[in-house]
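One-letter residues, chain by chain:
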Amino acid sequence: MRGFRFSVPASRGGTVLLFLSLLLTLACSSPAAAQNKPTRAERKEMKEAEAKLPEKYKQWLEEVDGLITIEERALFLSLEKDYQRDAFIKQFWEVRDTYKSTARNEFKDRWDSNVALARSMFPDLKDDRARILTLNGPPAARIEARCSTIIWPLEAWFYAGSDRTRAEFVLIFWRKWGAGPFRIWQPSDGLESLFTDTAATNRDKSLSAIANGCMDGDKIAGAVAWVARQGQDYDLLQQKLLERPDMKNGEWISSFGSYSTELPEGAAPLPAKLDVDYPGRYQNRTVLQGLISVPASGAAPVQLAAHRSYNLLLTGEVLQDGELFDRFRYKFDYPANPGEEGEALPLVFQRPLRPGAYNLIVKVEDVNSGKIFREERTISVPATERVAPVTRPPESVDAETARILAEANAALSNGETSLRILPPHGELQTGMLRFDTLATGSVDKVTFALDGKPLLTKKSPPYSVELDLGPLPRPRILTALAFDPAGTQVASDELLINANGNRFKVRLVEPRRGQRYTGSLLARAEVEAPEGQTVERVEFYLNETLVATLYQPPYTQPVILPKSEEIAYVRAVAHLTDGNTTESLVFVNAPDNLEEIDIDFVELYTTVIDKKGRPVDGLTQKDFSVSESGVKQEIARFEKVTDLPVHVTVALDVSASMGESLDKARKAAVQFLQETIRPKDRAAVVTFNDHPNLAVKFTGDVADLAGGLAGLKAERGTAFYDTVVFTLYYFNGIKGQRAVLLLSDGKDEGSRFTFEDSLEYARRAGVAIYTIGLGEKIDKKKLERLAEETGGRSFFLKNVDELAGIYSAIEEELRSKYLIAYQSTNTTGENTFRTIDVKVAQPGTEAKTLRGYYP
């Protein structure tokens, strides 16, 4: 977890510093440490800070006490202003939204409903009954004991299960002396503790006394008896029912804390000037463009080896009617060259806003000196139809800066032109399909291309195209470009056909190929993140120089071009919080006769094994040679892979023939996942019989993966070939080291796809398949071929007890690979299979990698 950045106001510096100390301690600990209790001094400081909160925030903290983590509470109590607290609460619920694709937040709705019910039933949310109800929902049945002369006030709650556990359970709540909140009764308290003093004088402290002396006594006595029998299991059950839901998106805390615009105590001033303009529109909003000019002489460059640069961090907030409307964060890095001290460093940012009055707050921190510039200004954003033409120099910006930025601002649309390709419904898209588009604004024609090759141009609506995608669900890229009557490209879109929720891609919408730029351009990127993952930042580069880092959408940034260079390129690099990256590159101002050549950069994850099948370590680049289609290739990159993230899918046969072996096979798979999955790795579970089923999507949570392997029943036939295609399809959009562990005990029975289809699809997917055959009914030759063609291995065993050892061998192999990369010199067509042959100079060894690929 990343560190936290907070501003410390003078009035509460001690309190916030204590919170910061607590947060940093937790950040350096294991994930479980986030649930540890703070020290007595920390609790005292937090209690005092909470007492100073307005009443509505006190009430909110009370309502989410069973949800909020120590880190979140400390951050919330460090906030100074109500609009910051409101923004925190909004994001607090957003990160817990179970189904983000829906308009409602089902998790929040359910929690609010449970809190309202608890408030109506109980006097205090700190009562154990209220805590159980808010976290687990109301019970299926609730019985209150009405026999005050025998036992203390008592309730028995009966659950058929909850979100925390599928099993049925019973809880006993009691209140000794008839005062104070109800507490969960522990078997260790002893049965006698439930009886009143009056009952004690009668010396009858048995379940029979409860059954015979209380209304519904038999049910209450039965509930108490059930609880008493659980012993230590009851303690574990309580812990599970009362623990805070696992916060798998804890990164949001550090991100939220880094957006503070407060001025730290004692910060030295950074000389700077803020200019504001409204150069155009973004969709249906007006674009606010801010330019903060920082004199280079007032900033401090840093020298790292031969690199010397200025590094500035811009944080901003936009308030409307006292509420946070927008917040943003940028990082600017400028190379420091001799003689530039007299120039200004331009920090340009753009935010799309609705027309109206706002309060703009900006803070610029010189990372190297700690100096800070801060300004708060009231702005009035005009309606989009009243935005001045972008060619008019803005009054608040000097003429030279306006001239330079005018070209970038011209890319902002003053119309409402847009184009979106509408994907057809369903997955595994094959055969003849029609793709429609949604076009708005001034569109005269739309040109379509498939995998970069022109298809057709439609000069009148509907702007659609029909494609024959073939019998296999291959990934294809469909591009649509919209042009106005003057022939100028005004919009574009791109669709990856047969994509899924794992795709991670960034696409540069601006600048556009073939368009010339002189002073500036507008870089605009669109990012698709894998399902359940978050984009941490997007970096824009001009050539290899980092221009700006954006930590929030829209990913739009004006870029000033160098005066001395004609041909340049812009790169957008997107980063996920787990460290994975992807990028897009566009050449600008390239001559018309510059031919773009597609260069295939081939990456081979290679395992070298000895005669006993054990991985061989210690090899160097000179030990390897690579040929493609018989032609030797030059190795451009070589490294031993040990810590690279792995995406692996365990595919388990659950057909009827697996009945006797399923339980052991399931346990071996869980053990493999427990021993293999590291923090940056992701795994998925596919189960299959007469059809494949995605039991668990890619995740790093071993508990979730184990849950997908629970409750399986062996039944029906075996659709083996369909499972191969289905599982490999799920890898679409994922890069890096990928593997499938496929276990089956039988031949294919009734797949839609043939073996040749699955083999062809495996060749195109480039995912290593480890096939594991159990028993005598398997087709060994086909399993061996799937493994050999994809760089995996095949294993055959007669007894399921051998499976744990097989999984262990595969885990060792996944962590013992060499990455060999080269630029292919092959010029054959895209539908030609290119064979690959990797040789190892060391005698008695064999290299296992892809047999080939389709370009």
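For the structure, check the block above.
Visitor: Looking at this structure, how should I read the overall build of the protein chain?
Guide: The helix and strand tally for the protein chain stands at 19 helices and 40 strands. In the protein chain, which comprises 855 residues, the proportion classed as buried is 51%. Nonlocal contacts in the protein chain, meaning residues at least 24 apart in sequence, comprise 67% of its contacts between residues at least 6 apart. Of the roughly 40,100 Å² of accessible surface on the protein chain, a fraction of 49% belongs to carbon and sulfur atoms.

Visitor: Just to check I follow, could you spell out the packing of aromatic side chains for this structure?
Guide: Any two aromatic rings considered together are summarised by their centre-to-centre distance and by the angle between their planes. Counted under the stated rule, the structure contains 33 aromatic pairs. An angle of 85 degrees between the planes, with centres 5.2 Å apart, marks the rings of Phe92 and Trp93 as edge-to-face. The exposure classification of Phe92 matches that of Trp93, with both residues buried. Between Phe698 and Tyr730, the ring centres sit 4.9 Å apart and the planes meet at 10 degrees, which makes this aromatic pair stacked. You can see Phe698 sitting in strand β33 (residues 692-699) and its partner Tyr730 sitting in the loop between α16 (720-729) and β34 (737-744), a full 32 residues away along the chain. What makes Tyr730 buried here is its relative accessible area of 10%. Of note, Arg85 hangs over the ring of Tyr57, and the distance from its end group to the ring centre comes to 5.6 Å. Its end group placed over the ring of Phe483, Lys445 keeps NZ or CZ at 5.5 Å from the ring centre.

Visitor: I'm lost on the sheet that holds strand β4 (residues 183-184) in this one. Help?
Guide: In a beta sheet, neighbouring strands pair by backbone hydrogen bonds and run either parallel or antiparallel. Reading across from one edge, β1-β2-β3-β4 is the order of the four strands in this open sheet, with antiparallel pairing throughout. At either end of the open sheet lies a strand with only one pairing partner, and these are β1 (141-144) and β4. Across four bridges, the pairing between β1 and strand β2 (residues 154-159) is antiparallel. The partner of Ile143 across the bridge, within β2, is Ala156. The strands that helix α7 (residues 128-136) touches are β1, β2, β3 (169-174) and β4; relative to β2, the one it contacts most, it runs at about 10 degrees. Here helix α10 (residues 217-230) sits on the sheet in contact with β1, β2 and β3, set at roughly 105 degrees to β3.

Visitor: Help me understand the nonpolar core in this model?
Guide: Soluble globular proteins tend to pack their nonpolar side chains together in the buried interior. In terms of nonpolar packing, the biggest core is built from 64 residues, with Trp60, Phe88 and Ile151 touching the most fellow members. For this core, the leading source of residues is β3, giving six residues. Once residues lying within four places of it in the same chain are set aside, the contact partners of Phe88 are Trp60, Glu72, Leu75, Phe76, Leu79, Trp252 and Phe256. Listed in part, the 53 residues of the second largest apolar core include Ile292, Leu312, Val318 and Val586.

Visitor: Sorry, what's going on with the pairing of strand β15 (residues 445-450) here?
Guide: The side chains of a regular strand alternate between both faces of the sheet. In the sheet, β15 pairs with strand β18 (residues 476-483) via six bridges, with the strands oriented antiparallel. Of the residues in β18, the one forming a bridge with Thr447 is Leu481. Two strands pair when backbone bridges link them, and β15 and strand β16 (residues 453-458) are joined in this way by five bridges, in the antiparallel orientation. Looking across to β16, one finds that Val446 is bridged to Lys458. Hairpin connection, β15 to β16: the antiparallel pair is bridged by two residues, and Asp451 has positive phi, about 55 degrees.

Visitor: What should I look at first to understand the pattern of salt bridges in this one?
Guide: Once their charged atoms are close, side chains differing in charge can pair, the charge on each being opposite to the other. Across all of its chains, the model carries 52 salt bridges by this definition. The salt bridge partner of Arg73 is Asp65, with a shortest N-O separation of 2.8 Å. The exposure class assigned to Asp65 is partly exposed, which follows from its relative accessible area of 36%. Among the salt bridges present, the one from Asp837 reaches Lys839, with a minimum N-O distance of 3.7 Å.

Visitor: Just to check I follow, could you spell out α16 for this structure?
Guide: Along an α-helix, residues three or four apart share an orientation, since each turn contains 3.6 residues. By the criterion of burial, α16 is predominantly enclosed, with 10 of the 10 residues buried. Among the residues of α16, those classed as buried are Phe720, Tyr721, Asp722, Thr723, Val724, Val725, Phe726, Thr727, Leu728 and Tyr729.

Visitor: Help me understand unusual backbone geometry in this model?
Guide: With glycine set apart, most residues show a phi of negative sign, and most peptide bonds adopt trans. The residue after Pro461, namely Pro462, is reached through a cis peptide bond having omega 0 degrees. Note on placement: Pro462 falls in the loop between β16 and β17 (464-468). For the bond from Pro553 to Pro554, the omega torsion is -5 degrees, close enough to zero to count as cis. Its place among the elements puts Pro554 in the loop between β23 (545-550) and β24 (555-560). Here Asn543, not a glycine, exhibits a phi torsion of approximately 55 degrees, which is positive. As for its position among the elements, Asn543 is in the loop between β22 (535-542) and β23. On the basis of relative accessibility, which here comes to 15%, the residue Asn543 falls in the buried class. One non-glycine residue, Ser629, lies in positive phi territory at about 50 degrees. Inspection of the secondary structure assignment puts Ser629 in the loop between β28 (624-628) and β29 (631-633). Using a relative accessible area of 39% as the deciding quantity, one classes Ser629 as partly exposed.

Visitor: Which parts of the structure should I look at to understand the environment of Ala529?
Guide: Assignment of secondary structure puts Ala529 in the loop between β21 (520-528) and β22. Taking the C-alpha atoms as reference, Ala529 lies 7.8 Å from Leu576; in sequence the two are 47 residues apart. Non-local contacts of Ala529, meaning those with residues more than four positions away in its chain, are made with Gly501, Arg503, Phe504, Val535 and Leu576.

Visitor: Just checking my understanding: could you explain the state of the cysteines for this structure?
Guide: Disulfides are covalent bonds that connect the sulfur atoms of two cysteines. The tally for this structure, following the rule as stated, stands at one disulfide. There is a disulfide in this structure between Cys147 and Cys214, and the S-S distance comes to 1.9 Å. Here the S-S torsion is close to 80 degrees, and the disulfide linking Cys147 with Cys214 is therefore right-handed. Placement of the pair is Cys147 in the loop between β1 and β2 and Cys214 in the loop between α9 (207-213) and α10, with a sequence separation of 67 residues.

Visitor: What is the right way to look at a nonpolar patch on the surface in this model?
Guide: A grouping of Ile567, Leu585 and Phe587 is seen on the molecular surface, where their side chains present a nonpolar patch of about 230 Å² in accessible area. Checked against the element boundaries, Ile567 lands in the loop between β24 and β25 (568-576).

Visitor: Looking at this structure, I do not really get helix α3 (residues 55-63). What am I missing?
Guide: Those residues of α3 that sit buried are Tyr57, Trp60, Leu61 and Glu63. Angularly, the buried residues of α3 cover 160 degrees about the axis, an arc narrow enough to put them on a single face. On the buried face of α3, the contacting elements are α2 (40-51), α4 (70-78), α5 (82-94) and α6 (106-121).

Visitor: Looking at this structure, I do not really get the packing of helix α14 (residues 662-676) against helix α19 (residues 803-814). What am I missing?
Guide: Pairs of packed helices are described in terms of their axes, by the angle between the two and the distance that separates them. One can describe the packing of α14 onto α19 by two numbers: an axis separation of 9 Å at closest approach and a directional angle of 25 degrees. With respect to α19, the element α14 is oriented roughly parallel. Viewed along their axes, α14 and α19 form a crossing whose handedness is right-handed. Contacts between α14 and α19 involve Ala665, Ala668, Ala669, Gln671, Phe672, Glu675 and Thr676 from the former and Leu803, Ala804, Tyr807, Glu811 and Leu814 from the latter.

Here is what the cut-offs are and how they apply
Residues numbered from 1 in each chain as written. Predicted model: local features only at pLDDT ≥ 70, side-chain atom pairs only at ≥ 80, totals over all residues. Heavy atoms only, no water. Helix = DSSP H or I, 4+ residues; strand = E, 2+ residues; numbered from the N terminus. Buried < 20%, exposed > 50% of the residue type's maximum accessible area, 1.4 Å probe, protein only. Contact = heavy atoms within 4.5 Å. Areas by Shrake-Rupley, 256 points an atom, 1.4 Å probe, with all protein chains shown as cover. Phe/Tyr/Trp six-rings, centres within 6.5 Å; stacked < 30°, edge-to-face > 60°. Lys NZ or Arg CZ within 6 Å of the ring centre and 35° of its normal. Pairing = 2+ DSSP bridges. Axes fitted to C-alpha atoms, helices over the stretch in contact; angles between N-to-C directions. Core = buried A, V, L, I, M, F, W, Y, C linked by side-chain atoms within 4.5 Å. Salt bridge = Lys/Arg side-chain N within 4 Å of Asp/Glu carboxyl O. Disulfide = S-S within 2.5 Å. Patch = residues over 30% accessible without salt bridge, like charges linked within 9 Å, V, L, I, M, F, W, Y side chains within 5 Å. Arc of directions from axis to C-beta. Parallel < 35°, antiparallel > 145°, perpendicular 65-115°, else oblique. Left-handed = near helix turned anticlockwise from the far one by under 90°.

Scope: geometric values only; no functional claims are made or implied.
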